[in-house]
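This is what each chain is made of:
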Amino acid sequence: MAFSDPIATSAPLYDSKTNAIVTPSSWWGPAISAPYPTNAWFMDFVLTPNSDQVSAGDDRRTTIWPYQVRVRTSGLDVNSPFIRLYSDNRTLKNEHNINYDATATNWGWTSDQSPAIWRNLDLSLQSTETTSSQYIRTYDQLSATLRWSVDSSHYMEAPIVRGMAYATMRYTALTPKFITDNTDYHAITTVNGSAPSGTVSGTKFKMTVSRPYLGSGATETWILYASSSISFTTSSSGLTATVPFTGYLRLAIVPTGSAGESTLDTYKDAVPIGGTTSVSVTGNTATTTFTYSLTGSGGTLLNYALPHHEAILSSPTYASNFSFSTIRGTLHGVIGNTWTMTDTLSTITWNSPNAIDSNKLSGITSALATEKTFQASNLDATEAYTFGKQISRAARLALIADQLGDTTTRDSIVTSMKTYLTPWLTNTTSGSTVYSLAYDSTWGGVLSNNALVTSPPGNPNQATEFGNAVYNDHYFHWGYYVYGAAVIAHFDSTWGTTYKNKVNDIIRDIANPSPSGDPYFTQFRHHDWYEGHSWAAGLQANGDGRNQESTSEAVNAWYGINLWGLATGQSDLRNVGRYLQAKETRAAQTYWQMPSTNNVYPSGFASQKMIALVFANKVFNATWFGLGDDQIVGIQTMPFTPATHELLPKAWVQEMYPVRLDNKDTVGTATTPGGWLGTTLATEAIIAPDTAFTAIQGVSTGDPEYIDKQGASKTNLLWWAAIQNSSNPAPASTATTLAASPVSTAASGANVTLTATVSPSAAGTMTFFDGSTQIGSAPVSGGTGAIIVNNLTTGSHSLTATFTPSDSAAYDSSTSSALSYTITSGGGGGGGPTGSNKNAVNYAAYGNGQAAAAVRVAVTNTNYTVLATDDVIGFTSLGAARTVTLPSAGSVPAGKALIVKDESGNCSGSNTITITGTIDGATNLILNTAYANARLYSNGSAWFKL
């Protein structure tokens, strides 16, 4: 599969059930059906708002940088929010309201928590006609288009496009109306330089809008552009067209900078109506392309870029002096219909790139000896998230045991993991306890059956199983499962093959890469292409928009897919995981971590060094479950795996730790006892590994600080401390993949080429096995080693390849996943198509029909094209890979015989002789061993090997 191809298109292998907890609202258009996005940036447009949202004017609202927009039955509200830092210094908000103190005579807020009347500050694009239906008509990766209809001939549509410099409304035979919802605090004071009064006409309307809540005389400038001339009656509360209109109105705030208005004038005619994305991966580099589709009278698109875009954009053209300050940092205008961005992908696989400190081995071994017996009785949680952390914790123990060379303990843990994970994949129940998964046919996703069964219908804020049935945190939950499954498959390829499709279905739920090819799952359920990270909230409306808390669990989910693809030989799926892992890591380091080099947040806020929750409309320094610093840090660092090296830079931890966690690392004195000391000590280990290692040793193995909380174990925390700043770098991990030609089956006696590739490329030897039987070996050149076999017995075979590095200090050995291969009886043993075998050849021709003059051609280290008169091609010297090109089988007599042989003794895996043509129904035949030879004949229509 290519990157965006579906993982599968078949029905999921889990029981199909309907979801009665939340059903799709009428805001989903008639052309949209399951699978629905459930965590997309526009979800608050289509979810039923709660009462708190409605009373605060937060219903159906989200931020589309640089604007905040709200969808109402009457039209589209647009706001230029102001940045408000709350007095608790925990909340930085894209504020659209003012807080009016009902007991005072002036506007303003007396305190953040005082009783107050909220005043919305929105401008709105509407029509004078009343619309009868409102819904999202269509969506893609970078946009959602909303329609308000009177009937099929009278409607208006708003394409909400990520980063849009203008808010756009397209009218079809409706009368446009542009209003402010609160003239006390958002009045229009001038239109084209004059006080609003009477009628104005044209295609550009420049307005001054008051903002007294920002200071005496404060104003902002907005421009309303029309695609063709239009007339408005004007007042301080808005502009109303005099007649129905068909065309576009585009509303834009003039940003700071001397070129703001002229830039908007220049690019007003390029109207974005959608945006698609594509990804290509070459080696360890991913290239992402945003392609915006346009309408209007032409020109080039002007869009805003976020800080993380600017770090990876290839040769962008920025609009001069055109920027906007937001809670995501300073946004700059980018000119161009296509954006290209590059990311470097992780090469970390199963183990840390650092070796274990030899002085700390005994402590890790001692903890593992205790926890390996504890493990079996602590993998039995029936709640999905808790079980996920349990299976992930066990996976870490298995990998550490393997790294220590304790294969007995490793295999015992893997056996326990299989015992407890398999029932989730096979719909096993025990009495009233449900351990299984279900496919939700209402929305299109994999759910915990237990959450679906126990959640009361009609409650969108249902917290059963952390909101699993309403798609909250799916990637956190299922990421742990995928990580555990990957480790099992790493050590038991048969199990991996058996449950490959079951685990792939779970991955389809959270990371289906296909935009439309998978009829059962939405594309990248959690990933936001424009924001560059994931959203967690699912089918739960929130006045502050979508949100994400634990970036570290998100990274771990994508790391799990990376490893599952590696363990099961699905290289493109592995790249899906690596891509999401790179994107999530970059976003976490840009918007959640605040080092001294931070240029996103105001300095007073950034001094806290870390953010717990990022919403669409605000950032918030508290978790969903507590205000403790150790909780805030813990939820952004758990679980500690090799991928954590890339997520938590040491330089930033050195700044953050004294601010957030100093004096909270003493055993037994964590701020929140019973859960967060482990993550505190593991974070400390990044900057003080010896101190942290000693502290971790002092905690009892069974302490609740480690068990069932963050998927941690004492063993893993000690391992983490022991690999920090190691002076002996561990050998680089390698990954070996095996391919065969013909691909999956061949006739008995036919040549089968086995090619194994090691990544990263390293010198060494590749050894090939059929089950446990060695069937050949070849040196590795350019990352590959290959052999040709033709003696596989009829039946099924399990083929593997093991890479042994020449420099074991620099590279690890690795073994490929098993490749299933079938040898059929064939048509008489010739290996060709049925009915075309050597028994059909006239042997008289073979024995007597060739010209005696053409006995042998000597070839000296070059390529050679065979003539019809040749019968022996002998390479007398061979210093590189060479080819022998066969003539068409139909151009030589039936029974024509040919021998190709190495007479130099130099034929090898790098100095190959490739006989090009179709032989035994397969492409090419490769000689790669000293003095190898091939005996060929033609039956007049095809070549065969004797």
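Note that this is a predicted model, so its numbers are computed, not measured.

Asks: With reference to specific residues and values, describe the overall build of the protein.
Replies: Regarding its fold elements, the protein presents 21 helices and 50 strands. Relative to all contacts within the protein whose residues are 6 or more apart in sequence, the contacts with residues 24 or more apart total 67%. Element-wise, carbon and sulfur atoms account for 49% of the exposed surface of the protein, whose accessible area totals about 33000 Å².

Asks: Break down the packing of aromatic side chains for me, with residues and values.
Replies: What the rule picks out here adds up to 36 aromatic pairs. Arranged with centres 6.3 Å apart and planes meeting at 80°, the rings of Trp 41 and Phe 45 form a pair that is edge-to-face. Each ring, one from Phe 640 and one from Trp 720, has its centre 5.4 Å from the other, and the planes form 55°; the classification is tilted. With Phe 640 in the loop between helix H15 (629-635) and helix H16 (644-647) and Trp 720 in helix H20 (residues 714-722), the pair connects residues that are 80 residues apart, well separated along the chain. When sorted by exposure, Phe 640 lands in the same class as Trp 720, which is buried. If you follow Lys 618 out to its NZ or CZ, it ends over the ring of Phe 615, 5.0 Å from the centre.

Asks: Please set out the side chain of Gln 141 residue by residue, giving values where relevant.
Replies: Tracing the chain through its elements places Gln 141 in the loop between strand S10 (133-140) and strand S11 (143-151). When near neighbours in sequence (up to four residues on either side) are disregarded, Gln 141 contacts Trp 41, Gly 275, Thr 276, Thr 277, Pro 515, Gln 523 and Trp 529.

Asks: Explain unusual backbone geometry to me, and be specific about the residues and the numbers.
Replies: The amide bond that connects Ala 34 to the next residue, Pro 35, takes the cis arrangement and shows omega of 5°. For Pro 35, the location among the structural elements is in the loop between strand S1 (15-17) and helix H1 (43-46). Pro 760 follows Ser 759 through a cis peptide bond whose omega is -5°. With respect to the secondary-structure elements, Pro 760 resides in the loop between strand S35 (752-759) and strand S36 (764-770). Phi angles above zero are rare outside glycine, and Phe 466 is one such case at about 55°. Turning to its location among the elements, Phe 466 is positioned in the loop between helix H8 (449-454) and helix H9 (474-491). Phi angles above zero are rare outside glycine, and Phe 524 is one such case at about 35°. Looking at Phe 524, the relative accessible area reads 2%, which means it is buried.

Asks: Lay out the sheet that holds strand S22 (residues 302-305) in plain terms, naming residues and giving numbers.
Replies: The three strands lie next to each other as S22-S24-S23, forming an open sheet whose pairing is antiparallel. Both edges of this open sheet fall to S22 and strand S23 (318-326), since each of them pairs with a single strand only. Taken over all neighbouring pairs, the strand axes of this sheet differ in orientation by 30° on average, direction set aside. Alignment of S22 against strand S24 (residues 329-335), held across four bridges, turns out to be antiparallel. Residue pairing across strands places Tyr 304 opposite Gly 333, the latter belonging to S24.

Asks: Explain the pairing of S10 to me, and be specific about the residues and the numbers.
Replies: In this structure, S10 lies alongside S11, joined through seven bridges in antiparallel fashion. For Gln 134, the partnering residue across the bridge sits in S11 and is Trp 148. Taking the residues between adjacent antiparallel strands as the criterion, S10 and S11 are bridged by two residues.

Asks: Provide a residue-level description of helix H17 (residues 650-660), including the pertinent values.
Replies: Those residues of H17 that fall on the buried side of the exposure criterion are Trp 652, Val 653, Met 656, Tyr 657 and Arg 660. Buried residues in H17, looked at end-on, bunch into an arc of 125°, giving them a common side. Summarising the contacts, the buried residues of H17 are in contact with H15 and helix H18 (677-687).

Asks: Pulling in residues and values, what's your account of the nonpolar core?
Replies: Ranked by internal contacts, the top residues of the largest apolar core, which has 210 residues, are Phe 45, Trp 564 and Tyr 601. The greatest single-element share of this core, amounting to twelve residues, is contributed by H9. Leave out the neighbours within four places in its chain, and Tyr 601 touches Leu 92, Ile 327, Thr 590, Tyr 591, Met 594, Ala 606, Ile 611, Val 614 and Val 619. With 23 residues, the next largest nonpolar core counts Val 857, Val 859, Tyr 864 and Ile 873 among its residues.

Asks: Explain the packing of H17 against H18 to me, using residue names and the numbers behind them.
Replies: For the pair H17 and H18, the least separation of the axes is 9 Å and the interaxial angle reads 120°. As the angle between them shows, H17 and H18 are arranged oblique. In this structure, the crossing between H17 and H18 has a hand that is left-handed. In contact with Lys 650, Val 653, Gln 654, Met 656 and Tyr 657 of H17, H18 contributes Thr 680, Thr 683, Glu 684, Ile 686 and Ile 687.

Asks: How would you summarise the side chain of Ser 392 if you had to cite specific residues and measurements?
Replies: Note on placement: Ser 392 falls in helix H6 (residues 384-403). With near-sequence residues (within four places) excluded, Ser 392 lies in contact with Tyr 480 and Tyr 483.

Asks: Hey, could you go over helix H13 (residues 571-592) for me, with residue numbers and the actual values?
Replies: For H13, spanning 22 residues, the distance from its first C-alpha to its last is 30 Å, which sits close to the expected 32 Å at 1.5 Å a residue. Most of H13 is tucked away: 18 of the 22 residues are buried.

Asks: Tell me about the pattern of salt bridges, residues and numbers included.
Replies: Side-chain pairing between opposite charges can occur once the charged atoms of the two side chains come close. In the structure shown here, the tally under the stated rule is 33 salt bridges. Ionic pairing is found between Arg 546 and Asp 44, a salt bridge with its closest N-O pair at 3.2 Å. One end of the pair, Arg 546, is in the loop between helix H11 (500-511) and strand S30 (547-548); the other, Asp 44, is in helix H1, and 502 residues separate them in sequence. Exposure class is identical for Arg 546 and Asp 44. Each is buried.

Asks: Can you tell me about the environment of Gly 163, naming the residues and giving the values?
Replies: Here Gly 163 lies in the loop between strand S12 (154-161) and strand S13 (167-174). Residue classification places Gly 163 among the buried residues on the basis of a relative accessible area of 0%. C-alpha separation for the pair Gly 163 and Pro 66, spaced 97 residues apart in sequence, amounts to 6.8 Å. Discounting residues that sit within four places of it in the chain, Gly 163 has contacts with Ile 64, Trp 65, Asn 303, Tyr 304 and Tyr 530.

Asks: Describe the environment of Thr 203, and please don't skip the residues or the numbers.
Replies: In this fold, Thr 203 is placed in strand S16 (residues 199-210). For Thr 203 and Ser 227, which are 24 residues apart along the polypeptide, the C-alpha to C-alpha distance reads 6.6 Å. Every residue in contact with Thr 203, bar those within four places of it in the chain, is listed here: Leu 224, Tyr 225, Ala 226, Ser 228 and Ser 229.

Asks: Residue-level account of the sheet that holds strand S28 (residues 437-440), with values.
Replies: One key point about sheets: their strands pair by backbone hydrogen bonds, in either a parallel or an antiparallel sense. In spatial order, the strands read S1-S28-S29; together these three strands make up an open sheet with mixed pairing. Lying at the two open borders of the sheet, with one neighbouring strand each, are S1 and strand S29 (445-448). When the angles between neighbouring strand axes are averaged without regard to direction, this sheet yields 45°.

Asks: So, the packing of helix H12 (residues 551-567) against H13: which residues are in play, and what are the values?
Replies: In contact at an axis separation of 7 Å, H12 and H13 are set at 160° when each is read in the N-to-C sense. The orientation of H12 relative to H13 falls into the category roughly antiparallel. H13 is crossed by H12, and the crossing has left-handed handedness. Of the residues in H13, those touching H12 at Thr 551, Ala 554, Val 555, Trp 558, Tyr 559, Ile 561, Asn 562, Trp 564, Gly 565 and Leu 566 are Ser 571, Leu 573, Arg 574, Gly 577, Arg 578, Leu 580, Gln 581, Glu 584, Thr 585, Ala 588 and Trp 592. Broken down by class, the residue content of the contact of H12 with H13 amounts to eleven nonpolar, seven polar and three charged.

Asks: How would you summarise the confidence of the model for the protein if you had to cite specific residues and measurements?
Replies: Residues with a pLDDT of 70 or more make up 89% of the protein, whose mean pLDDT is 87. Considering only residues more than four positions removed or in separate chains, one finds that residues 100-116, a stretch of pLDDT under 50, has 30 contacts. Within the model, pLDDT remains below 50 along residues 667-674, and this stretch shows 17 contacts once partners closer than five positions in the same chain are excluded.

Asks: Quick rundown of the environment of Val 884? Include the residues and the values.
Replies: Considering the arrangement of structural elements, one finds Val 884 in strand S45 (residues 882-885). With 29 residues separating them along the chain, Val 884 and Ile 913 place their C-alpha atoms 7.1 Å apart. Look past the residues within four positions of Val 884 in its chain and what remains in contact with it is Tyr 864, Val 866, Phe 875, Val 900, Ile 913, Thr 914, Ile 915 and Thr 916.

Basis of the calculations
- Residues numbered from 1 in each chain as written.
- Predicted model: local features only at pLDDT ≥ 70, side-chain atom pairs only at ≥ 80, totals over all residues.
- Heavy atoms only, no water.
- Helix = DSSP H or I, 4+ residues; strand = E, 2+ residues; numbered from the N terminus.
- Contact = heavy atoms within 4.5 Å.
- Areas by Shrake-Rupley, 256 points an atom, 1.4 Å probe, with all protein chains shown as cover.
- Phe/Tyr/Trp six-rings, centres within 6.5 Å; stacked < 30°, edge-to-face > 60°.
- Buried < 20%, exposed > 50% of the residue type's maximum accessible area, 1.4 Å probe, protein only.
- Lys NZ or Arg CZ within 6 Å of the ring centre and 35° of its normal.
- Pairing = 2+ DSSP bridges.
- Axes fitted to C-alpha atoms, helices over the stretch in contact; angles between N-to-C directions.
- Arc of directions from axis to C-beta.
- Core = buried A, V, L, I, M, F, W, Y, C linked by side-chain atoms within 4.5 Å.
- Parallel < 35°, antiparallel > 145°, perpendicular 65-115°, else oblique.
- Left-handed = near helix turned anticlockwise from the far one by under 90°.
- Expected span 1.5 Å × (residues − 1).
- Salt bridge = Lys/Arg side-chain N within 4 Å of Asp/Glu carboxyl O.
- Nonpolar A, V, L, I, M, F, W, Y, C, P; charged D, E, K, R; others polar.
- pLDDT = per-residue confidence, 0-100.

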